[in-house]
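The chain contents come next:
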Protein chains: 2
Amino acid sequence: MKIQAKDRKTLLKAALGEINSDLAIINANVVNVFNGEVSKANVFVKDGFIAHVEYDDFADIKADEVIDAQGQYLIPGLIDAHVHIESSMMVPRNFAKAVIPHGTTTVVTDPHEIGNVWGKEGVIYMHNDGDNLPMRQLIDIPSCVPAVPGMENAGAEFFAEEIEELSSLERVIGLAEVMDFLGVINGEDRMMDIIAAAEKKGLYIQGHAPFLSGRALSAYLCGGPRTCHESRETTEAYLKHRSGMYIDMRDSSMCKNVPAIWAAIKNSRYLDQLCLCTDDRESEDILKIGHMNDVVRVAIKNGMNPVDAIRSCTYNTAREIGLKNLGAVAPGYVADMVILPDLNEMKPHMVFFEGQKVAEDGKMTVRIEDRSFDLETRNSVSVKDLTIEDFRIKAPIENGEVECNIMDFGDINSSNTVCSAATLKVKDGYLVLDDPDMMYVAVVNRYPGNDNIAVHVVRGFGTKKGALASTVSHDSHNLTIVYDKPENALVAANELKKVGGGMCAVDEDGTIIHTLALPVGGLLSTKVAEELAEDANQMKQANRALGLTDLENPILRIVTLALPVIPDVKMSDLGLVDVNKKELIPLFK
Amino acid sequence: MKIQAKDRKTLLKAALGEINSDLAIINANVVNVFNGEVSKANVFVKDGFIAHVEYDDFADIKADEVIDAQGQYLIPGLIDAHVHIESSMMVPRNFAKAVIPHGTTTVVTDPHEIGNVWGKEGVIYMHNDGDNLPMRQLIDIPSCVPAVPGMENAGAEFFAEEIEELSSLERVIGLAEVMDFLGVINGEDRMMDIIAAAEKKGLYIQGHAPFLSGRALSAYLCGGPRTCHESRETTEAYLKHRSGMYIDMRDSSMCKNVPAIWAAIKNSRYLDQLCLCTDDRESEDILKIGHMNDVVRVAIKNGMNPVDAIRSCTYNTAREIGLKNLGAVAPGYVADMVILPDLNEMKPHMVFFEGQKVAEDGKMTVRIEDRSFDLETRNSVSVKDLTIEDFRIKAPIENGEVECNIMDFGDINSSNTVCSAATLKVKDGYLVLDDPDMMYVAVVNRYPGNDNIAVHVVRGFGTKKGALASTVSHDSHNLTIVYDKPENALVAANELKKVGGGMCAVDEDGTIIHTLALPVGGLLSTKVAEELAEDANQMKQANRALGLTDLENPILRIVTLALPVIPDVKMSDLGLVDVNKKELIPLFK
C-alpha cells in the first residue's frame, strides 16, 4: 500500500500558501526525526497531509482552523511495529478507541490468532473491521498457521497460495513474524514458498528469531526475514543488530524487554534500526498504563534520549515496514501527529490522524460507530456432544500403578515446561490423581470435522481445584481445560460451547465462578476496553480462587499451555508434544 | 528490481556450514554499517551472496577459496547515488572498467543526456550496455526530456507514457532527478503525470532542487521527490535535510559541494539521510583521482568519520533508493565488497562484485568483452547541408548601428549569464562584431525533421578567435558553436557532422586544431578511459588555444551555454531564452 495525497495539486497550493490549509498547528515545538532538533514551528495541514512546516514567519497563518499548541511538543503519530490486536481481546474498532488517545495512530498488526481460528476469513474480518477508523491498522499476513504443522490442528492451514490471495487486501504490507525459524533455517518448502510468495508481492518479511545466533541466525537472515521482536537478552539483541536486523524492542503485558535490549543497542553508533512494539497488551494495561506512549516512556526511563525513542516508533518503523510519507512532521508526510506537554511523560494532549483531531486529554473526540459482521455472530466453538468419559483417562491396567510421562511446569513464573516421569495410580481402569499439584489437562479440537481430544496430566500448573478452561490457547486456540475432575471439565466445556468461547472457571463443586465470554472467534469480545477490563479482572479473580495466586496475571497461564513452539513439551489436540523433536510423547511409558 | 539469491536453499546450507562456501575472506576488519563497529571476522560467500559473517570461531573456514585479508578493512562495495555516465564520455562498459578498480560496485545512473538525443532507444541502449557487467548499473528514468519544453527542441520528448514503458526495463529503480522543479511546484500536468506514473510502478523519485527553501521547498516535497544532489550552500543543505530530504553530497568534476554540505549536516543527530554522489566526473578525474572512493576521501578530509562516510555511500544509499540486501557486509546481503588497507586513503586492494574478485590494486581482474550495438554505429547529427549564410546574422537595416539584446557571461568562472544591451554595427545588411570580447553563437538543431538554427551574440564567453563547436550541449545536445566568422563555424559544423558529433576547435584561419569525436549519440566515445582522457586533454589544449585560458576545464564552458535551466538567459535552437520567464528574447530591440 502507498500513503499518498489523493489530490496533489491542491496540496501543492496549500504548501505555497496560495490557498488556505485546513488546519494550522501554531506555536508548536516540533520534534524533527531527520536531524533530531526540537524547534518552534507552525505546521500546515491540507487534505490529511502536511503541506508546510514554517520555522521563520510566524505571522503567516493561512488556514481555516488554527490550534495553538502553546509551546507544547508536536511529534509524529506513534507506530506499533508489531501487535496482535487479539491479545487485547478487543475487536479492531474497539482496540482503536483504546489506543488512539495514547497517541498510537498506526499499528502493524498480525491477525495470527484469528487466522488460526477462522483462516483467511478471519484475516479479512480483522482487515475490514480496521477499515475507515481514525487510525491506520496495517496488516502483516500470518505466516505460520498453524505454528507447528503435523503437531497440532488449528482451524486453518496457510500455504503460499493463501499468502498470495491475502496480499491483495488493501492495507496488507508484510508477512507477519516468521515463527517457524527452523523451517526457514532448514529451507523447508512450506516456509521457502511462503516467503517467496510474500516477496513476489513486494511485502516486507517480519522475523521472529528467539535466541538465534551464529550460523543459525545467518541462515535465518539469508532466508528473508529482517526484523525481530523476540530479543530477550542483551547479547542476543546485540548479535541480531550487528547482523543487520531491525530490533523491535518489546514491552508487552508479559515481556518487558526494554532494559535488556537497550543495554545492547545504546552503544551502537547508529540507532536507526531500533523500533518499538507492544506485541501483546491487555485491555487493562492499555487503559491504565498506555500503549506506544508507554513503551517510549519505558525506553526513556531506561536511559534513552526522548527524541531517539520517539524516532524509534515513528520514522524508524516507517522505514522498517517500507512505507513512505509516514512517521515525520514534514512536508508531504501524512498528518498523523501528537501534541504533548512533556516528552518524558508522553501523555498526549491532542492526537491527530490524517489531519483530523481524533483524541484530546485521554478521550476520543470522534465517534467510532459500532459495526456488525456476520463473523461476529457465529459460534466458532465446534465441538461434538461431550461426556464425562471424554475427560477420563483410560489406563492400560485395571488397578494399581502405572509409569507415566507427564507435563511439568518447573516454575510458577515460567511458561517453560519439561516432561517428567511419574508413577500414577489406576482405579477401575482409569487414572486417578492424588497429588494436589497434579491436574488433568485436555485439549479439545474445536474446529469442524475434527473431534480430537487429547487428555494428559500436568504438574505444577498452579490451580489446586476445579476446572479452568479457555478457547484462547495459542496458537491453534483449541479448547484447553485444566481440571481436577472430569465432571468439572464437562461443565466448563459446555459453558464455553454455549457462549461461543472465552474463558471459564468452575469450582470444585461444579458451579461456575466466572465466564469471560469471547464470542468472536473464541478470542475477542465486542465490549469496549473499560467493560472488558472489568470482565477480565473478574476472570483473574476466578483464576486466583482456583489456586493461581502467585501470578501477576493468572489468565496467561493457560493460554500458552498448548503452544508447541515453547520448549520442552506442550500439549496439542494430538497429545503431549516434544517441541524440540517435533514428536508426540505417549502418556504411558 | 530485487536483489535476491536465486537458490536460497543452497545459500542457507552454506550459512549453516553444511556445504562449503565459494569464498571465505578471512582475517578481515569488517566495517559494520549497522552499529558502526570495526571487528575482526571471516566472511563467507555463496552464489554471490554473503552467507555468514563469523566473529568468533576463526578456525571454521568451510570454503572452496580462501582469501586472507591480513587484517585489512572489508567494507561494502561503494554506491554512487547519482551519476550521468555520459559525463565521463565513456560508454557504460568502459565506464565500468574505469570505476570498478576504485571500489564502485553500484551506480544509480540517469541516462538523461542520451535520452535527449536518442529518446527511449538511448535509455534502452545505456541499460543494455550496462547488462552483465562486473558492477551494477541501476537506471533512473530521465524525468525531464527535454528540460524546458517549449523553449528548446531535443531529440525526444518524454511524457508519462514513456516513463511507464521504460519502467519495465530490468534494472530500472527510480525516476531521475526531477529538474523541472517549477513544473512540480506549480502542479503542471506533465510533471504530475510523470511522477504519478513512476510511483504507480513503485519507483523512487529522485529530486533536483537547487536553492529551494521555504514554501517552495515544501511544495516540491509534497510533489513527490525526496532526494537532492543539488545543494551548494550550507544553509540550503540544512533546510533540505530538516525537511526530510536525502542529501546526496556531490563531488563532481565541476561541483565540489562536500565542504558546504558537511558543514550543514555534521551537527545533525542523525546521519542516515546523507548519501554521496559524483553526478558528473570526467574520465581523467576518474583515472587520476578516483570515483566514489575519492568522494569518501574528500568527506573524511572535511572532518567526517570514515565509517560514517562509508555508510553514506553504501547502506544509506541502498535505503534511499529502496533496495534491500545491498550495502552491508552481513548475512543475506549481496557480496559486493572492497578490501582496503586504510580507511582514510580509500585505495582498494581488492574489489568484489557478487562474490567475484573483479579488481586488484587498481587493475581489473576480469575481462569486459567489447560489444557492438547498432546505435553506436549510427550518426546522430542530423543537420541539413549548411552554408555560410546560415551562420550570418541578417540585420533589420543595411548599414549603421542597431540596438541588441545579447547574452553576457559576467564572470569567466561562472556559467550564470545575463541579458545585456549592446549597440552593434551593421554592414551590407549583416551584423558585424568588432568587440574582441564578443562572438557569434549558433545553436543548430541536430535532430531529424527539425532544421532550426538560432544565431545570436555572446559576450565574455572566453574564446578570442576561431570556432568552438560541440554536440555535447546540455540538455538538448544540439550543435552549439561559438565563432568569430561564419566560415569557421561552417568548418566546425561540417567536421562534427562528419564524425558523428563531439567537439571541434577551428583556428581563425579555418584549420581544425582538434576534434574530439564522440560518435555515440554525439556524446560518447567507445574509447577506454586512458585513450579518451588523452583525447580530451588535446581538446582542452585546443580550447585554450582559442583563448579559454583561465578555466581549469575549458571544455565545460560551451556545454552549458544552451542549458535553459540556468539563469538568467541561455541559448536554445529557438533563440535566446529568458530562463526565469520561459520566454524568448529577440536579438534586435
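The structure under discussion appears in the preceding block.
1. Some details on the environment of Asp-140 of chain A
Residue and element names in this part refer to chain A.
Then step 1. Turning to its location among the elements, Asp-140 is positioned in strand β8 (residues 136-141).
Then step 2. For the pair Asp-140 and Leu-518, spaced 378 residues apart in sequence, the C-alpha separation works out to 23 Å.
Then step 3. For Asp-140, the residues in contact, after removing those within four places along its chain, are Val-108, Thr-109, Asp-110, Pro-111, Ile-173, Gly-174, Leu-175, Ala-176, Tyr-204 and Gln-206.
Then step 4. Separated by 3.2 Å, the side chain of Asp-140 and the backbone nitrogen of Gly-174 make a polar contact.

2. A short note on the sheet that holds strand β20 (residues 430-432) of chain B
Residue and element names in this part refer to chain B.
Then step 1. In spatial order, the strands read β20-β19-β18-β22-β21-β24-β23-β25-β26; together these nine strands make up an open sheet with mixed pairing. Each end of this open sheet is capped by a strand with a single partner; those strands are β20 and β26 (512-517). Averaged over all neighbouring strand pairs, the angle between strand axes comes to 30°, with direction disregarded.
Then step 2. Sheet topology places strand β23 (residues 467-470) next to strand β25 (residues 502-506); four bridges connect them, and they run antiparallel.

3. Brief notes about the relation of the copies chain B and chain A
Then step 1. Each copy superposes on the other: chain B lies on chain A with an RMSD of 0.1 Å after a rotation of 180° and an axial shift of 0.0 Å. Such a combination of rotation and displacement between the chain copies is what one expects of a two-fold axis.
Then step 2. Looking at chain B, 99% of its interface residues are interface residues in chain A too, so the copies touch through the same face.

4. Examining the pairing of strand β7 (residues 104-109) of chain A
All names here are of chain A.
Then step 1. Of all six residues that make up β7, six are buried, and the element is covered over most of its length.
Then step 2. Note that strand β6 (residues 78-83) and β7 share four bridges and pair parallel. By the bridge assignment, Ile-79 is partnered in β7 with Thr-106.
Then step 3. A crossover links β6 with its parallel partner β7, the connecting element being helix α2 (residues 92-99), and its sense is right-handed.
Then step 4. In terms of strand pairing, β7 meets β8 through four bridges, oriented parallel. Across the sheet, Val-107 pairs through a bridge with Gln-137, a residue of β8.
Then step 5. Taking the sense of rotation as the criterion, the β-α-β connection linking β7, helix α3 (residues 112-129) and β8 turns out right-handed.

5. Some thoughts on the packing of aromatic side chains
Then step 1. The tally for this structure, following the rule as stated, stands at twelve aromatic pairs over all chains.
Then step 2. A ring pair is formed by Phe-34 of chain A and Tyr-315 of chain A, whose centres lie 5.0 Å apart and whose planes are at 75°; its orientation type is edge-to-face. One end of the pair, Phe-34 of chain A, is in the loop between β1 (21-31) and β2 (38-46); the other, Tyr-315 of chain A, is in helix α13 (residues 315-320), and 281 residues separate them in sequence.
Then step 3. A centroid spacing of 5.7 Å and a plane angle of 80° characterise the contact between Phe-391 of chain A and Tyr-483 of chain A, whose relative ring orientation is edge-to-face. Note that Phe-391 of chain A is positioned in the loop between α14 (374-377) and β18 (400-409) and Tyr-483 of chain A in strand β24 (residues 479-483), a separation of 92 residues in sequence.
Then step 4. Its relative accessible area of 0% is what places Phe-391 of chain A among the buried residues.
Then step 5. An aromatic cluster is defined as three or more aromatic residues linked by ring pairs; in this entry it consists of Phe-34, Tyr-315 and Tyr-333 of chain A.
Then step 6. Against the face of Tyr-270 of chain B rests Arg-311 of chain A, its NZ or CZ located 3.8 Å from the ring centre.
Then step 7. Arg-242 of chain B extends its terminal NZ or CZ atom over the ring of Tyr-55 of chain A, reaching a point 3.4 Å from the ring centre.

6. Comments concerning the interface of chain B and chain A
Then step 1. Taken together, the 68 residues of chain B in the interface contact 67 residues of chain A.
Then step 2. Each partner contributes to the roughly 5,500 Å² buried at the junction of chain B and chain A, and carbon and sulfur atoms together form 47% of this total.
Then step 3. Looking only at chain B, the three residues that lose the most surface to chain A are Arg-215, Arg-242 and Tyr-270 of chain B, adding up to 16% of its buried area.
Then step 4. On inspection of chain B and its partner chain A, the count reaches twelve salt bridges.
Then step 5. The shortest N-O distance in the salt bridge between Arg-319 of chain B and Asp-272 of chain A comes to 2.4 Å.
Then step 6. Counting across the chain B and chain A interface gives 42 residue pairs in polar contact (both at pLDDT 80 or more).
Then step 7. Of all the secondary-structure elements, those providing two or more residues to the side of chain B that touches chain A are α1 (8-16), β3 (49-54), α5 (181-185), α6 (189-200), α7 (214-222), α8 (234-242), α12 (306-312) and α13 (315-320) of chain B.
Then step 8. When its residues are assigned to classes, the side of chain B that touches chain A shows 30 nonpolar, 21 polar and 17 charged.

7. What about the state of the cysteines?
Residues and elements named next belong to chain B.
Then step 1. Counted according to the given criterion, the structure contains zero disulfides over all chains.
Then step 2. No disulfide involves Cys-222; its sulfur sits 16 Å from that of Cys-228, the nearest cysteine.
Then step 3. Take Cys-275: it sits in no disulfide, and the sulfur closest to it among the cysteines is that of Cys-277, at 8.9 Å.
Then step 4. A residue is classified by how much of its surface remains accessible, and Cys-275, at 0% relative accessible area, is buried.

Conventions used here
Residues numbered from 1 in each chain as written. Chains lettered and ligands numbered in written order. Predicted model: local features only at pLDDT ≥ 70, side-chain atom pairs only at ≥ 80, totals over all residues. Heavy atoms only, no water. Helix = DSSP H or I, 4+ residues; strand = E, 2+ residues; numbered from the N terminus. Contact = heavy atoms within 4.5 Å. Polar contact = N/O pair within 3.5 Å; in protein donor to acceptor, adjacent residues only side chain to side chain. Pairing = 2+ DSSP bridges. Axes fitted to C-alpha atoms, helices over the stretch in contact; angles between N-to-C directions. Least-squares fit on C-alpha atoms with pLDDT ≥ 70 in both. Buried < 20%, exposed > 50% of the residue type's maximum accessible area, 1.4 Å probe, protein only. Right-handed = clockwise from strand over helix to strand, strands pointing away. Phe/Tyr/Trp six-rings, centres within 6.5 Å; stacked < 30°, edge-to-face > 60°. Lys NZ or Arg CZ within 6 Å of the ring centre and 35° of its normal. Buried area = accessible area lost by both parts, 1.4 Å probe. Salt bridge = Lys/Arg side-chain N within 4 Å of Asp/Glu carboxyl O. Nonpolar A, V, L, I, M, F, W, Y, C, P; charged D, E, K, R; others polar. Disulfide = S-S within 2.5 Å.

Geometry only, nothing functional implied.
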